Each structure stands twice: as C-alpha cells, then as structure tokens.
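Fold and contact review
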Amino acid sequence: FTAGASYFYEGNNETFIAPVTLNVPEDLFFMLGDADNNRYISAADARIVLRISAKLEKVSDDLMFKRCDVNKDGKITAKDARSILRVSAKLQDSFV
C-alpha cells in the first residue's frame, strides 16, 4: 500500500512543499470486514464470510482471516457475517 501526501512548511516568509511517499506493508493496513479486499464493505463480503463459517469456502491467508474476523474472537462465524452485512447496510457504524 502506498500513500502520497504533501509536506507543507511555512517559515521565515518562505513556503516549502515537498511530496512525501509512504510505503506501508500490506499486512499493516487492511480494512476490517473487507473479505474480498476490494476496499469496500458490501453484502458480497458478508456472503464470503458466511460461506467460510459454513465451511463452503476457505480462508486464503492470515490477512484474509484478520479482515473476516470482525469481532476479533479468533473465529470466523455467522456473527462476523451479520456485522459486516449491518455495516454495509449502514445499520451500524463500526464493528464492535
């Protein structure tokens, strides 16, 4: 994940702007609930999590597990899918 930003400094009647690039390892930045890793939380993510909880689909890696386990109880269950669906429908603001 790469993020761009500008650094702005104003002093001694001078203005200095320089581009800044941050390279962050992907495993440090992920969106909780985004099972398909497309940067959006939707009903499709809830469906994936529900299929994983029913053993119809497998978790591809540790990062996917972290994205899917929204209540952070160490398991991927229908409760996680329900929370993801509620967030995607804007019935709740965050994963609690």
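Heads up: the structure comes first, above all this text.
Residues numbered from 1 in each chain as written. Predicted model: local features only at pLDDT ≥ 70, side-chain atom pairs only at ≥ 80, totals over all residues. Heavy atoms only, no water.

All right, on to the environment of Ile48 then. Structurally, Ile48 is set in helix α1 (residues 43-53). Its relative accessible area of 14% is what places Ile48 among the buried residues. Between the C-alpha atoms of Ile48 and Ala35, which are 13 residues apart in sequence, the distance is 6.6 Å. (Helix = DSSP H or I, 4+ residues; strand = E, 2+ residues; numbered from the N terminus. Buried < 20%, exposed > 50% of the residue type's maximum accessible area, 1.4 Å probe, protein only.)

Counting 13 residues, the largest nonpolar core has Val49, Ile52, Cys68 and Ile84 as its most contacted members. Listed by contribution, the elements that provide at least two residues to this core are α1, α2 (62-68) and α3 (78-88). Counting residues per element, this core draws most heavily on α1, which supplies 4 residues. Excluding anything up to four places from it in sequence, Ile84 contacts Gly33, Ile41, Ser42, Asp45, Ala46, Val49, Cys68, Val70 and Phe95. (Core = buried A, V, L, I, M, F, W, Y, C linked by side-chain atoms within 4.5 Å. Contact = heavy atoms within 4.5 Å.)

With that settled, the discussion passes to α1. Every buried residue of α1 is accounted for by Asp45, Ala46, Ile48, Val49 and Ile52. Seen from one end, α1 has its buried residues packed into an arc of 160 degrees, which puts them on one side. Next to the buried residues of α1 lie α2 and α3. Once α1 ends, the next one or two residues include Lys55, with phi positive near 65 degrees. (Arc of directions from axis to C-beta.)

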